[in-house]
Amino acid sequence: MDATTHPQQQPGAQPQAHAPTAPPPTTAGGAAQATTPSTRLMWAILALVLLADALDMIDSTVTTIAAPTVAADLGGGQGLIKWLGSSYALAMGVLLVVGGRLGDKFGQRRLFLTGMAGFTAASAVCGLAPDPGLLIVARVAQGAFGALLIPQGMAIMTRTFSRDMLGKAFGMFGPLLGLASVGGPILAGLVIDADIAGLSWRPVFLINLLLGGVGLVLAARLLPHDRDARRDTVVDAIGSGLLGTAMFGLLYGLIEGSTNGWNALPIGSLAAGALFLAAFARRQNTAAQPLLKPSLLRNRGFTSGMLLGLAVFAATSGLVYVLSLYMQGALHASPRGAALGLLPLTLGIIVSAGACMALIKRLGRTLIPIGLAFVLAGCGWLLALVAHSGTGLSLWTLAPAVFLTGLGMGACYGTIFDIALGDIAADEAGSASGSLSAVQQLAAGIGSAAVTSVFFQNAGRGQAHAMTVSLVIVLAVAALCLPAVGLLPRRAPEEQHGHG
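Residues numbered from 1 in each chain as written. Predicted model: local features only at pLDDT ≥ 70, side-chain atom pairs only at ≥ 80, totals over all residues. Heavy atoms only, no water.

A. Region of the structure containing helix H2 (residues 77–106). In a regular helix each residue adds 1.5 Å, so 30 residues correspond to 44 Å; H2 covers 41 Å between its end C-alpha atoms and thus fits that length. At Leu95, H2 shows its largest kink, close to 45°. (Helix = DSSP H or I, 4+ residues; strand = E, 2+ residues; numbered from the N terminus. Expected span 1.5 Å × (residues − 1). Bend = angle between axes of the 7 residues up to and from the residue.)

B. Representation of the side chain of Gln284. Among the structural elements, Gln284 can be located in helix H8 (residues 264–286). Residue classification places Gln284 among the buried positions, given a relative accessible area of 1%. Not counting chain neighbours up to four residues away, the residues in contact with Gln284 comprise Asp236, Gly239, Pro290, Leu291, Leu292, Pro294 and Leu297. (Buried < 20%, exposed > 50% of the residue type's maximum accessible area, 1.4 Å probe, protein only. Contact = heavy atoms within 4.5 Å.)

C. Main features of the nonpolar core. Core analysis: the largest hydrophobic core is formed by 138 residues, its most contacted members being Leu135, Phe161, Phe302, Tyr326, Leu398 and Met467. Here this core gets 18 residues from one element, more than from any other, and that element is helix H1 (residues 39–74). Beyond its immediate chain neighbours, meaning those up to four positions away, Tyr326 contacts Leu331, Val386, Gly390, Thr391, Leu393, Leu398, Phe455, Gln463, Ala464 and Met467. (Core = buried A, V, L, I, M, F, W, Y, C linked by side-chain atoms within 4.5 Å.)

D. View of the packing of aromatic side chains. The final tally for this structure, using the stated rule, is six aromatic pairs. Judged by centre distance (5.7 Å) and plane angle (25°), the rings of Phe248 and Tyr252 are stacked. Here Phe248 and its partner Tyr252 are both found in helix H7 (residues 237–260), four residues apart, which amounts to about one turn of the helix. Note on Tyr252: relative accessible area 25%, which makes it partly exposed. Among the aromatic residues, ring-to-ring pairing joins Trp83, Phe248 and Tyr252 into one connected group. Lying over the aromatic face of Phe106, Lys105 brings its terminal NZ or CZ to 5.8 Å of the ring centre. (Phe/Tyr/Trp six-rings, centres within 6.5 Å; stacked < 30°, edge-to-face > 60°. Lys NZ or Arg CZ within 6 Å of the ring centre and 35° of its normal.)

In structure tokens:
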């Protein structure tokens, strides 16, 4: 993708806390921007972009806590719980690269307004949904409009901000996204426990009517008008359709099979998903402007980092989802209690990712096995606690192991994709960055579906047993990822560090 996107958040409070990278502000013709908005206007635009990113962050994490309550209210059972997070992440991941291209073609301001309006409307449908089917459709719409919204803010800032202001803006993304990732689950827990006007979980989504409405008004007033949209930009609709169909087939097969048994429908869905994924890969070699440049796929360091990130993000996002299910189901924590129980994990992520921003230049890819070692230690500790005490644990007892796991996750989140960009050419940086952001979202959808499927498949023998098996799976994935680290570039691109 040519337009730079910010690192995305997946369900489960997982901030990638390093700042996004972008080229110096340029005009459509490539010359340095001669005029910039006033400082006050730049700060106002930055606040608007941060609001949009926070909306995405919160809505990608709230279902981690809210899912059991939603399923109990609407019905839908295990399938609804699995799809609540996966549907949002799937739509976001598939369309994120396309959203950046559409902004180039039709103008970032226009797409920002469209994305904000659509996201707000979809949130209203989520909050008012009378049945599971409409709720999942609305979650898909949220993710789709979010994919139109999110890339535009970074592109607008890159085009119009001064160099000094752009550096300040990058420095604020990590802390803000970290706070939003903490705030999403806590907000969900507090709102559900408060049972505002007897609406239970619904205000978790309805609050976006206020936030999105404010964002829409500010965007209409503040954002510069589009004057450099490139109408000749090509959007690979065929490639996008193939990727979307492939991901839907794989996730539907996984969720349907684990929920209702492995008959012809889920097996056929998985097979179709694999075929469409192969067709998407072939399309990348034949399309005039592919979503993912073929030269990137031939870069061993980049593809290794992309696959390693996919595995790590999928396993850990699923882990956070089942931790919430275990806390609420087995340990009988309230939604607020479960949100607070996951707080040590998010704090660990923020602390570790922040430290890695300072250490990545010195240690390079060495940070990744350190992070994986912390994940292994934390999950191993959790496994020992669950195996010994089953459902007799307190959230306080789990907190140190949860925090240790978060430290490992933060070290991985803050470095894997930065390191993966170490060997790419300068003209591939935009496409690579956008592709990795999309992979992160897709991993969230795959992970939350896969690990929760494992959890529910084993829940018949008790939730402690289900949690044990889920932890073993995550431990196995983390261990298998260790040898792959040697395939990555040794260091991140030098210019990355200037934004940290």
